[in-house]
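# Overview (structure and organization)
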Amino acid sequence: MLLRLLLLAVCVHYATSNFLSVQGRNFMFAGQHVHLSGPNLAWYRYAWDFGNNEYSVSGPVLEQWVREISAAGGNCLRVWIHIEAEHTPEFNANGFVIAPDRLGTIINDMSRFLDIAAANNVFVIPVLWNGALMRNQRYRDLLLDDARLQSFIDNSLIPMVRALSTKRALASWEIMNEPEGSVLIAPDANPCFSTTILTGTGAGWTGVGIPMFRFLRFINRQAGAIKRTDTKALVSTGSWSELSRTDAFGNTHNYYKDTCLIQAGGDPLGTLSFDQIHTYSWEGRWNNASPFRQHANNFQLNKPLVIGEFSSACSENEGVDALWNHSYNNGYAGTWSWQYNAGGHCSDNQAQQRQGMTRIRNYTHNGRIAVNINA
């Protein structure tokens, strides 16, 4: 009996070690500390890359980008899926989600993309939703109505997570990009939900005004469902700024800590596996609490901390090499540039991003970058 239990423990450890995991403030893969280096792929066609047979158009471009990232020494990318619910998931006339997509191709699309990524030793973080824009009412209703949210969890999220749970390239599910873009700036008796500290920071720029309580509930319920469906899965959310992701500085508050998420959603499993901060300069200067002004230890977080978006285009003119070096050498668990489609404000071009990846590709002292996902 004891031998059987020992063999089972070895098998479980071996199976888990073949997927990205968290140990303290580090990412681990195949028993080794790894640093996640790469770009935000974001999208080729905003909200139209996966599902409903659209991958036949986007796929060849996305797959070529994966090969370029790998060749430059990158080992990770962040790609957006539903975004604002313009195209997927599939809703009925009453605004309830009934399927991951209308034509039933999104799981196969994502599966192929993950296989291509694995073949090129690149981890993938699928980002389900975008809070930086929220123009679709049925999307807003998912945040505001528990029954509609549950329909998404039951009929889209869980089937996707279950079907893709064996894909080694799947590093983490990200619930939402930058909820702060659509948050309501308002007081609340509970510090977890009061956003007055964000007054005048630019948060809430869409004007949609979703209470922080609803965002945290949205994240908590989905994170818990993911972890129940795939017990080894990692879950994250990308914060627009350091201002909303740490309690370490006088003008900041960590809304995404475990206690706040559980208070909002009631699911003890619905917490995040690592912290992710986006940071850009304002009028050519970093905020004093920006990761590019701080060592990761100074944020006083007990999970891996990733610089999830940044660019030399919106920096203090340090240059690409200096930014990637700073992230790697100052305790951060990941370095993800914005953005590989090279579109829009504060985006570095592809050559600059490849230069940054190449600059740190052989570093090992804060985690290996070279990985063999299919070993």
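No experiment lies behind these values; they were computed from the predicted model shown.

This brings us to the sheet that holds strand β11 (residues 275-278). Ordered by their spatial adjacency, eight strands build an open sheet running β10-β9-β8-β5-β4-β13-β12-β11, and the pairing between neighbours is parallel. Edge strands, defined here as strands with exactly one partner in the open sheet, are β10 (235-238) and β11. Averaged over all pairs of adjacent strands, the angle between their axes in this sheet comes to 25°, without regard to strand direction. Direction of pairing for strand β12 (residues 305-309) relative to strand β13 (residues 334-337): parallel, over a ladder of two bridges.

Taken together, the three strands give an open sheet; going across it, the order is β1-β2-β3, and neighbouring strands pair in antiparallel fashion. The open sheet is flanked by β1 (21-23) and β3 (32-34), the only strands paired with a single partner. Going across the sheet, the axis of each strand differs from the next one's by a mean of 50°, ignoring polarity.

What follows covers the pattern of salt bridges. Two side chains with opposite charge may pair up if their charged atoms get near one another. Applying the stated criterion across every chain yields a total of 19 salt bridges. The shortest N-O distance in the salt bridge between Arg78 and Glu174 comes to 2.7 Å. One end of the pair, Arg78, is in strand β5 (residues 76-83); the other, Glu174, is in strand β9 (residues 173-177), and 96 residues separate them in sequence. Judged by relative accessible area, Arg78 falls into the buried class, the value being 0%. Notably, a salt bridge pairs Asp247 with Lys257, separated by 2.7 Å at the nearest N-O pair. With Asp247 in the loop between β10 and α7 (258-265) and Lys257 in the loop between β10 and α7, this residue pair connects regions lying 10 residues apart in the sequence. Given a relative accessible area of 41%, Asp247 falls into the partly exposed group. Each member of the salt-bridge network shares a partner with another, and the members are Glu63, Arg67 and Arg112.

Okay, the nonpolar core next. Membership of the largest hydrophobic core comes to 103 residues, with the highest contact counts inside it found for Phe113 and Trp173. Among residues more than four places away in sequence, those in contact with Trp173 are Met110, Pro126, Leu128, Met160, Val161, Leu164, Ile226, Ala233, Leu234, Val235 and Ser236. By size, the runner-up hydrophobic cluster in this structure holds seven residues, among which are Ala42, Ala47, Ile83 and Val127.

Next up on the list: helix α6 (residues 212-229). For α6, built from 18 residues, the straight-helix expectation of 26 Å at 1.5 Å per residue is met to within 8% by its first-to-last C-alpha distance of 26 Å. The element α6 is extensively covered by neighbouring structure, given that 14 of its 18 residues are classed as buried.

A complete count under the given rule lists two disulfides for this structure. Covalently, Cys192 is tied to Cys260 through a disulfide, its sulfur atoms 2.1 Å apart. Residues Cys192 and Cys260 are joined through a disulfide that is left-handed, its torsion about the S-S bond being -75°. Here Cys192, found in the loop between β9 and α6, pairs with Cys260, found in helix α7; they are 68 residues apart in sequence, far enough to count as distant. Cys260 shares its class with Cys192; the two are buried. In this model Cys314 forms its disulfide with Cys346; the gap between the sulfur atoms is 1.7 Å. Of note, the bridge from Cys314 to Cys346 carries an S-S torsion of about -85° and is left-handed in sense. Taken together, the positions of Cys314 in the loop between β12 and α8 (320-329) and Cys346 in the loop between β13 and α9 (350-360) put the pair 32 residues apart, joining distant regions of the chain.

Here the focus is the packing of helix α3 (residues 106-119) against helix α5 (residues 146-164). α5 packs onto α3 with a crossing angle of 35° between their chain directions and a minimal axis gap of 10 Å. Two packed elements cross with a definite hand, and for α3 against α5 that hand is right-handed. Contact with α3, carried on its side by Ile107, Met110, Ser111 and Leu114, involves Pro159, Met160, Ala163 and Leu164 of α5 and no other residues of that element. The residue makeup of the contact of α3 with α5, split by class, is seven nonpolar, one polar and no charged.

This part is about the confidence of the model for the chain. Overall, the predicted model of the chain reaches an average pLDDT of 95, with 96% of residues at or above 70. Taken together, the stretch residues 5-14 has pLDDT below 50 and engages in zero contacts with residues farther than four places along the chain or on a different chain.

All right, on to the packing of aromatic side chains then. Enumeration over the complete set of coordinates arrives at 22 aromatic pairs. Both rings, one in Phe27 and one in Phe274, keep their centres 5.1 Å apart while their planes meet at 80°; by these two values the pair is edge-to-face. Taken as a pair, Phe27 in strand β2 (residues 26-29) and Phe274 in the loop between α7 and β11 lie far apart in primary sequence, 247 residues in all. Assigned by exposure class, Phe27 and Phe274 land together as buried. Each ring, one from Phe249 and one from Phe299, has its centre 5.6 Å from the other, and the planes form 75°; the classification is edge-to-face. Separated by 50 residues along the polypeptide, Phe249 in the loop between β10 and α7 and Phe299 in the loop between β11 and β12 bring together distant segments of the chain. Taken as a pair, Phe249 and Phe299 share a single burial class, namely buried. Taken together, the aromatic side chains of Trp43, Tyr46, Trp80 and Trp338 make up a single cluster linked through ring pairs. Above the ring of Phe19, the side-chain terminus of Lys232 is found at 4.2 Å from the ring centroid.

The subject of this paragraph is the pairing of β10. By the alternation rule, side chains of β10 split into Val235 and Thr237 and Ser236 and Gly238, which are all buried. Pairing of β9 with β10 involves three bridges; the strand directions are parallel. Across the sheet, the residue bridging to Trp173 is Val235, located in β10. Following the backbone out of β9, through α6 and into the adjacent parallel β10, one traces a crossover that is right-handed.

What counts, and where the lines are drawn
Residues numbered from 1 in each chain as written. Predicted model: local features only at pLDDT ≥ 70, side-chain atom pairs only at ≥ 80, totals over all residues. Heavy atoms only, no water. Pairing = 2+ DSSP bridges. Helix = DSSP H or I, 4+ residues; strand = E, 2+ residues; numbered from the N terminus. Axes fitted to C-alpha atoms, helices over the stretch in contact; angles between N-to-C directions. Salt bridge = Lys/Arg side-chain N within 4 Å of Asp/Glu carboxyl O. Buried < 20%, exposed > 50% of the residue type's maximum accessible area, 1.4 Å probe, protein only. Core = buried A, V, L, I, M, F, W, Y, C linked by side-chain atoms within 4.5 Å. Contact = heavy atoms within 4.5 Å. Expected span 1.5 Å × (residues − 1). Disulfide = S-S within 2.5 Å. Left-handed = near helix turned anticlockwise from the far one by under 90°. Nonpolar A, V, L, I, M, F, W, Y, C, P; charged D, E, K, R; others polar. pLDDT = per-residue confidence, 0-100. Phe/Tyr/Trp six-rings, centres within 6.5 Å; stacked < 30°, edge-to-face > 60°. Lys NZ or Arg CZ within 6 Å of the ring centre and 35° of its normal. Right-handed = clockwise from strand over helix to strand, strands pointing away.

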